[in-house]
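# Overview (structure and organization)
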Amino acid sequence: MTPVSVDPLLLLIGGLALDALFGDMPAIFRHIPHPIVLAGRVIAFFDRKLNREVRGEGSRRERGIVTVIVLVGGAAVLGLAVERACRGSLSGAAVEAILIAVLVAQRSLYEHVAAVAVALNTRGLAGGREAVRHIVGRDPMSLDAHGVARAAIESLAENFSDGVVAPVFWYLLLGLPGLFAYKMANTLDSMIGHRTPQYRSFGWAAARLDDILNTVPAPLSGLLLSTAAVFAKNCRPGRALMIMLRDGRKHHSPNAGWPESAMAGALGLALAGPRRYPEGLVADPWLGDGTARAATSDVTRALRLYRLACLIEGGLLLGAWLAAHVTLPV
């Protein structure tokens, strides 16, 4: 049989389309564990075995570094093996596109944030707090209705970078090994990259690696949101870009500030600011010059902006593929 070669860029476009259509594919993952769930189980195993309270801070940091090297390196090797197994056949190309769809979080992020807006509208503050606790790490009981709306918008902006732009970036750069490694690093950061006494040392390497891997995707996500504001009703693209350039580095996270400040500028809001987490109060400055009294309607506007940013990203990828493969007659 003649080997079939499919352009990775076309596979990426196909994967993004599949994710937009089917999201997390619950029909499949009711029967088998989701890859991120499997990654979480492996991380939890290393956490139990290596991050014991009886060990000193230096020892726990060393074991955290080993955990990151082993798991991120192992994910890259697994990605390379899968990529090689998929080469040369249409069925392999389909598997790769499905894996991309599974590991990019476009639709699931939209649905989780939209659920917060619905809960606020239908069940009030209690419903909003219950819905938002699934997507943020802060204490939802410390939030009023405006705080719940802000938290949902901030999560949407930050996770547009972490869950959409960064996976696309690393797949473009390194294929499935890059995508697998990034998703493992990002999952490590979400599980152990905290500043609590339990993870301050053990999660240090995970948090630093995630910061490094998002150094380029985070500003790109802010630029995409600023561009999307050109086409979104009641949004301010110039303000989005200006606020991003002014406030993007003010956030305690070196990466979250870029998309959050772009979102704040586009919507005319003030985001971030002081927030309460399990590890204590994070006294960040406000991003943007607008009101901090975000409402459900602002969550809806943010979701509209997010959809447009995803479409622009997909359009850029499709344009790049067409430019490389379609020759116009002279």
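Residues numbered from 1 in each chain as written. Predicted model: local features only at pLDDT ≥ 70, side-chain atom pairs only at ≥ 80, totals over all residues. Heavy atoms only, no water.

## Let's talk about the packing of helix H4 (residues 57-86) against helix H8 (residues 204-213)
Two quantities define a packed helix pair, namely the angle between the helix axes and the distance between the axes. It is the contact of H4 with H8, at a shortest axis distance of 7 Å, that shows an interaxial angle of 50°. Between H4 and H8, the angle is such that the two are oblique. Contacts from Arg61, Gly64, Ile65, Val68 and Val72 in H4 reach Trp204, Ala205, Ala206 and Leu209 in H8. In terms of residue class, the contact of H4 with H8 is made up of seven nonpolar, one polar and one charged. (Axes fitted to C-alpha atoms, helices over the stretch in contact; angles between N-to-C directions. Helix = DSSP H or I, 4+ residues; strand = E, 2+ residues; numbered from the N terminus. Parallel < 35°, antiparallel > 145°, perpendicular 65-115°, else oblique. Contact = heavy atoms within 4.5 Å. Nonpolar A, V, L, I, M, F, W, Y, C, P; charged D, E, K, R; others polar.)

## Details of the packing of helix H9 (residues 217-231) against helix H12 (residues 296-325)
Between H9 and H12, the shortest axis-to-axis distance is 8 Å and the interhelical angle comes to 110°. Classified by the angle their axes make, H9 and H12 are roughly perpendicular. Residues Leu224, Leu225, Thr227, Ala228, Ala229 and Phe231 of H9 touch H12, and the partners they reach there are Leu305, Leu308, Ala309, Ile312, Glu313 and Leu316. In terms of residue class, the contact of H9 with H12 is built from ten nonpolar, one polar and one charged.

## Observations concerning the state of the cysteines
Enumeration over the complete set of coordinates arrives at zero disulfides. Sulfur of Cys310: no disulfide; nearest cysteine sulfur belongs to Cys235 and is 14 Å away. (Disulfide = S-S within 2.5 Å.)

## What to know about the nonpolar core
Among the nonpolar cores identified, the biggest contains 88 residues, and Ile153, Phe160, Leu188, Met263 and Leu305 are the most heavily contacted of them. Here this core gets 23 residues from one element, more than from any other, and that element is helix H7 (residues 145-192). For Leu305, the contacting residues outside a window of four places in its chain are Leu225, Ala228, Ala229, Ala232, Cys235, Met263 and Ala266. (Core = buried A, V, L, I, M, F, W, Y, C linked by side-chain atoms within 4.5 Å. Buried < 20%, exposed > 50% of the residue type's maximum accessible area, 1.4 Å probe, protein only.)

## Some remarks on H9
It helps to recall that an α-helix has 3.6 residues per turn; residues three or four apart then point in one direction. With 15 residues, H9 extends 22 Å between its outermost C-alpha atoms, agreeing within 8% with the 21 Å of an ideal straight helix rising 1.5 Å per residue. Against the buried residues of H9 lie H7, H8, helix H10 (237-247), helix H11 (257-267) and H12. (Expected span 1.5 Å × (residues − 1).)

## Structural notes on the side chain of Arg275
You can see Arg275 is positioned in strand S1 (residues 271-277). Of note is the side chain of Arg275, whose polar atom sits 3.4 Å from the side chain of His252. Separated by 3.0 Å, the side chains of Arg275 and Asp284 make a polar contact. (Polar contact = N/O pair within 3.5 Å; in protein donor to acceptor, adjacent residues only side chain to side chain.)

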